[in-house]
Amino acid sequence: MESHTGDSALFVKMDGCTPDGVLGAYMDDSCMGGNDKFQDLTLATLDKFKYKPRVWEEFQFIGVSVRTLLGQPRSFALCPNVYFDSRSRLLLSEIYEEFMRARAAFVWMAHGRRNLCCSINRADQVTEALSSEKQVKGMNKAIKHAKSTEEMVLSLKPLERASLHLRVFADAPLHSSYDMSSQLGYTVLLCDAEDECLVLTYSSRKARRIVRSIMAGEVYAFADAFDAAYILKHYKELVYNQLLHLVMLTDSKQTFHVITRATNTTEKRLIIDFAVAR
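Residues numbered from 1 in each chain as written. Predicted model: local features only at pLDDT ≥ 70, side-chain atom pairs only at ≥ 80, totals over all residues. Heavy atoms only, no water.

**Q** Looking at this structure, I do not really get the overall build of the protein. What am I missing?
**A** Within the protein one finds eight helices and 11 strands. Burial analysis of the protein (278 residues in total) assigns 35% to the buried set. Restricting the contact set of the protein to residue pairs at least 6 apart, pairs at least 24 apart contribute 56%. Accessible area for the protein stands at about 17,300 Å²; split by element, carbon and sulfur atoms hold 56% of it. (Helix = DSSP H or I, 4+ residues; strand = E, 2+ residues; numbered from the N terminus. Buried < 20%, exposed > 50% of the residue type's maximum accessible area, 1.4 Å probe, protein only. Contact = heavy atoms within 4.5 Å. Areas by Shrake-Rupley, 256 points an atom, 1.4 Å probe, with all protein chains shown as cover.)

**Q** Sorry, what's going on with the environment of Leu190 here?
**A** Within the secondary structure, Leu190 is located in strand 9 (residues 183–191). A residue is classified by how much of its surface remains accessible, and Leu190, at 1% relative accessible area, is buried. Remark: the alpha-carbon pair of Leu190 and Ala229, spanning 39 residues in sequence, is separated by 10.0 Å. Excluding residues that lie within four positions of it along the chain, Leu190 makes contacts with Leu159, Leu164, His165, Leu166, Glu196, Cys197, Leu198, Leu200 and Tyr240.

**Q** Which parts of the structure should I look at to understand a nonpolar patch on the surface?
**A** Together, Phe169, Val247 and Leu249 make up a nonpolar patch on the protein surface, roughly 220 Å² of accessible area in all. Take Phe169: it is sitting in strand 8 (residues 165–171). Its relative accessible area of 41% is what places Phe169 among the partly exposed residues. (Patch = residues over 30% accessible without salt bridge, like charges linked within 9 Å, V, L, I, M, F, W, Y side chains within 5 Å. Salt bridge = Lys/Arg side-chain N within 4 Å of Asp/Glu carboxyl O.)

**Q** Would you mind going over the pairing of strand 9 with me for this structure?
**A** Taken residue by residue, a regular strand's side chains alternate between the two faces of the sheet. Counting buried positions along strand 9 gives nine out of nine residues, so the element sits mostly inside the fold. Side-chain alternation along strand 9 places Gln183, Gly185, Thr187, Leu189 and Cys191 on one buried face and Leu184, Tyr186, Val188 and Leu190 on a second face that is also buried. Where strand 8 meets strand 9, seven bridges bridge the pair, whose relative direction is antiparallel. Of the residues in strand 9, the one forming a bridge with Leu166 is Leu190. Linking strand 9 back to strand 10 (residues 197–206) in an antiparallel pair, the connection comprises five residues, with Asp195 at a positive phi of about 65°. (Pairing = 2+ DSSP bridges.)

As C-alpha cells, then:
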C-alpha cells in the first residue's frame, strides 16, 4: 500500500491500555472526541494559541454533518445534507463539461450514504466518448433517489465492548458497468452480541481485473473485503486492547463451497485467490 498526502488519518491518545481520545484528520479539516481528561488536555493546549471557538454537538467535517442525538445512550448521526441541498438534476442536453462538474460534487454524497456508492462509481466511469443521454438519466435517477431519502442517515451508538467483532459482507455484480466490467463491493461492520452495529467502511468500485465468471467476481470482492477488514481489525485491536474476531460473509454458494470444502475450481487463475481466502 502507498500513502498519499490526501489520505485520512486517525490519531489515538492512549492512557495505558485504555484510549482517552481520538482525532481524525483529512486535509485541513479535523474532528476530535474523548473523555473528560482528553478534553481538559485539549483545552489546555488550545489556550496557548489563537484559535477559533470550538464547535460542539453539531458541526461539519469533510462535507458531512455530524449531529449529536438526544437521549441515552449518547450517540450521533452522519449525513451529507450540505451536498443534497446544492444538487439539482441535469438537462439531457448538458455538455460533458457540465456533467463532470455535477459528478465531482455528487461524489461527496458517498460520505455517509453507502447506498449511493454504486451509482457514484458508475458515473465516475463515464468518459467523453461514452457520454450520452443514458448516463445523464442514470445520474439524475441517483440524485432524485438521494434527495427523496435525505432523512436516511448513519447513526452510531455505543456497543457492548466484551463481544465486539467484525462482520464483512462482499458482493460483485457481473458486467454491471457501462463498459461491461464488473463492480466489486463490500461493507465492514463492527458488531456486538446484541446485533447492534457500526458501519466502519464501505466501497463499490470497478474491478481492475478481467472477470470471466460470476464466481471470479465474487472471490475478487471477497479478497478486497478481507484486505480492508483485516487492516481495520489490526488497528481496532490496538485501540481496544482485545482480540476481535473477523466474520466474512458472501452470497455466493459456489464460492462458499470452494473455500470451506477445499474443492477445486476449473479456473486455474483463481486458485491463488481461493488459497488465500482459505
